[in-house]
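Residues per chain, in single letters:
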Amino acid sequence: RWNLDGHADRPLTEVQATCACYGGFVAGAQRFDAPSFTIGQSEARNMDPQQRLLLELQYAALHGAILRRNVLMGSDGGIFLGIEQPDWVLVQPPSARTSVFAAICANVSVAAGRLSFALGLQGPCSTIDTSCSSSLAAMHSAAHAVRGDECFAAVVGTASLQLSLSSTLRAAITGMLSIDGRCKTLDARANGYARSEAVGALVLQKLDAITLAMSASAVRHDGRSASLTAPSGSAQR
């Protein structure tokens, strides 16, 4: 996806340039069925693609859970969204900043509220950014809300699209990326990670008989370690 020429603030080494070339990308991220959500074309063009994809996938997740609009309208259904990297703002031309939709179409808090608005959900609605663990932290919050009867059902959504090269360049320059573009989790050969896109959604409900159970979850921090971004083995154990 990337053309590195002229993008970096400083010249990249050969290793950094190689690392920055790799990535996993969602095909068709620009597509959106705006009429299904009664969104006009002008607003749709200004919307962060992450918001568009989340609307479609969260709605599909509810459909898969056999929850229809007539049941959801006015209910206490909840939305919990894990999202970071608002790249859409970084790649917009100056003319887009004067649009009447500029204040909402790239706002990560609005990304959580769009489905609540579209379906009339009046339950908890929040956007959670804990960097790499955002979607898992959102899942944890959603599970607590359902178990605590804050909502009868909760949609957990997450989106991460690489719309700007800036984050990839920063990761390459700081030595975080794999030179062969492969993640080797918990492997002695691990040499960094590969940045990839993903979008997903699922529904949590409290049921008498379920096919997939979530037994427990927790949110923690490494606390004091070698540096702000370095893991702590004892804390993670």
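Residues numbered from 1 in each chain as written. Predicted model: local features only at pLDDT ≥ 70, side-chain atom pairs only at ≥ 80, totals over all residues. Heavy atoms only, no water.

A. Inspection of the overall build of the protein chain at higher detail. Counting its regular elements, the protein chain contains ten helices and four strands. Scaling as 2.2 N^0.38, a compact globule of 237 residues should have a C-alpha radius of gyration of about 18 Å, and the protein chain matches this with 20 Å. When the backbone C-alpha atoms are referred to their principal axes, the protein chain occupies close to 55 × 50 × 30 Å. Taking all contacts inside the protein chain whose residues are at least 6 apart in sequence as the whole, residues at least 24 apart take part in 74%. (Helix = DSSP H or I, 4+ residues; strand = E, 2+ residues; numbered from the N terminus. Rg over C-alpha atoms; globule rule 2.2 N^0.38 Å. Contact = heavy atoms within 4.5 Å.)

B. Representation of the nonpolar core. Formed by 25 residues in total, the largest nonpolar core has its most connected members in Phe-32, Ile-39, Leu-55, Leu-62 and Val-203. When residues of this core are traced back to their parent elements, those giving at least two are helix 3 (49–64), strand 1 (78–83), helix 7 (108–119) and strand 3 (153–160). Setting aside its immediate chain neighbours within four residues, Ile-39 contacts Phe-32, Ala-34, Ala-44, Met-47, Leu-55 and Arg-114. In terms of nonpolar packing, the next biggest core, distinct from the first, is built from 13 residues, Ile-128, Met-139, Val-146 and Leu-204 among them. (Core = buried A, V, L, I, M, F, W, Y, C linked by side-chain atoms within 4.5 Å. Buried < 20%, exposed > 50% of the residue type's maximum accessible area, 1.4 Å probe, protein only.)

C. The arrangement of unusual backbone geometry in detail. Positive phi, close to 60 degrees, is recorded for Asp-149, a residue that is not glycine. Examined against the element boundaries, Asp-149 turns out to sit in the loop between helix 8 (134–147) and strand 3. Here Leu-186, not a glycine, exhibits a phi torsion of approximately 55 degrees, which is positive. With respect to the helices and strands, the residue Leu-186 is situated in the loop between helix 9 (166–173) and strand 4 (198–205).

D. Geometry of the packing of helix 3 against helix 7. Running from N to C, helix 3 and helix 7 point in directions that differ by 45 degrees, and their axes come no closer than 10 Å. On the basis of the axis angle, helix 3 is oblique to helix 7. Like other packed secondary-structure pairs, helix 3 and helix 7 cross with a definite hand, here right-handed. Residue-level contacts link Gln-51, Leu-54, Leu-55, Gln-58, Tyr-59 and Leu-62 of helix 3 to Val-110, Ala-111, Arg-114, Leu-115 and Leu-119 of helix 7. (Axes fitted to C-alpha atoms, helices over the stretch in contact; angles between N-to-C directions. Parallel < 35°, antiparallel > 145°, perpendicular 65-115°, else oblique. Left-handed = near helix turned anticlockwise from the far one by under 90°.)

E. Geometry of the environment of Ala-27. Here Ala-27 is to be found in the loop between helix 1 (14–20) and helix 2 (41–46). What makes Ala-27 exposed here is its relative accessible area of 73%. Once the C-alpha coordinates of Ala-27 and Glu-197 are considered, the two residues, 170 residues apart in sequence, prove to be 9.7 Å apart.

F. Quick look at helix 9. Within the sequence span of helix 9, burial applies to Ser-167, Thr-168, Leu-169, Ala-171 and Ala-172. Structurally, helix 9 contributes buried residues whose contacts are with helix 1 and helix 5 (87–91).

G. Spatial organisation of the pattern of salt bridges. What the rule picks out here adds up to four salt bridges. Of the charged contacts, one joins Asp-149 and Lys-206 as a salt bridge, the two residues approaching to 3.0 Å between their closest N and O atoms. Here Asp-149, found in the loop between helix 8 and strand 3, pairs with Lys-206, found in the loop between strand 4 and helix 10 (233–236); they are 57 residues apart in sequence, far enough to count as distant. Looking at Asp-149, the relative accessible area reads 58%, which means it is exposed. We note a salt bridge from Arg-189 to Asp-187, for which the minimum N-O separation is 2.9 Å. (Salt bridge = Lys/Arg side-chain N within 4 Å of Asp/Glu carboxyl O.)

H. Structural detail: helix 7. Inspection of helix 7 places Ala-111, Ala-112, Arg-114, Leu-115, Ser-116 and Leu-119 among the buried residues, and these make up the whole buried set. Against the buried residues of helix 7 lie helix 2, helix 3, helix 4 (69–72), strand 1, helix 6 (102–105) and strand 2 (125–128).

I. How the structure looks around the environment of Gly-64. Within the element layout of this structure, Gly-64 appears in helix 3. The class for Gly-64 is exposed, based on a relative accessible area of 60%. Spatially, the C-alpha atom of Gly-64 lies 8.7 Å from that of Val-203, the residues being 139 residues apart in sequence.

J. Local environment of the packing of aromatic side chains. Counted under the stated rule, the structure contains two aromatic pairs. For the pair Phe-32 and Phe-37, a centre-to-centre distance of 6.0 Å together with 5 degrees between the ring planes defines the contact as stacked. Here Phe-32 matches Phe-37 in class, with each residue buried. Centre to centre, the rings of Phe-37 and Tyr-59 are 6.1 Å apart; their planes meet at 90 degrees, and the pair counts as edge-to-face. Remark: Tyr-59 occurs in helix 3 and Phe-37 occurs in the loop between helix 1 and helix 2; sequence separation between them is 22 residues. In textbook terms, an aromatic cluster arises when at least three aromatic residues are bridged by ring pairs, as seen for Phe-32, Phe-37 and Tyr-59. Sitting over the ring of Trp-88, Arg-52 keeps its end group 5.6 Å from the ring centre. (Phe/Tyr/Trp six-rings, centres within 6.5 Å; stacked < 30°, edge-to-face > 60°. Lys NZ or Arg CZ within 6 Å of the ring centre and 35° of its normal.)

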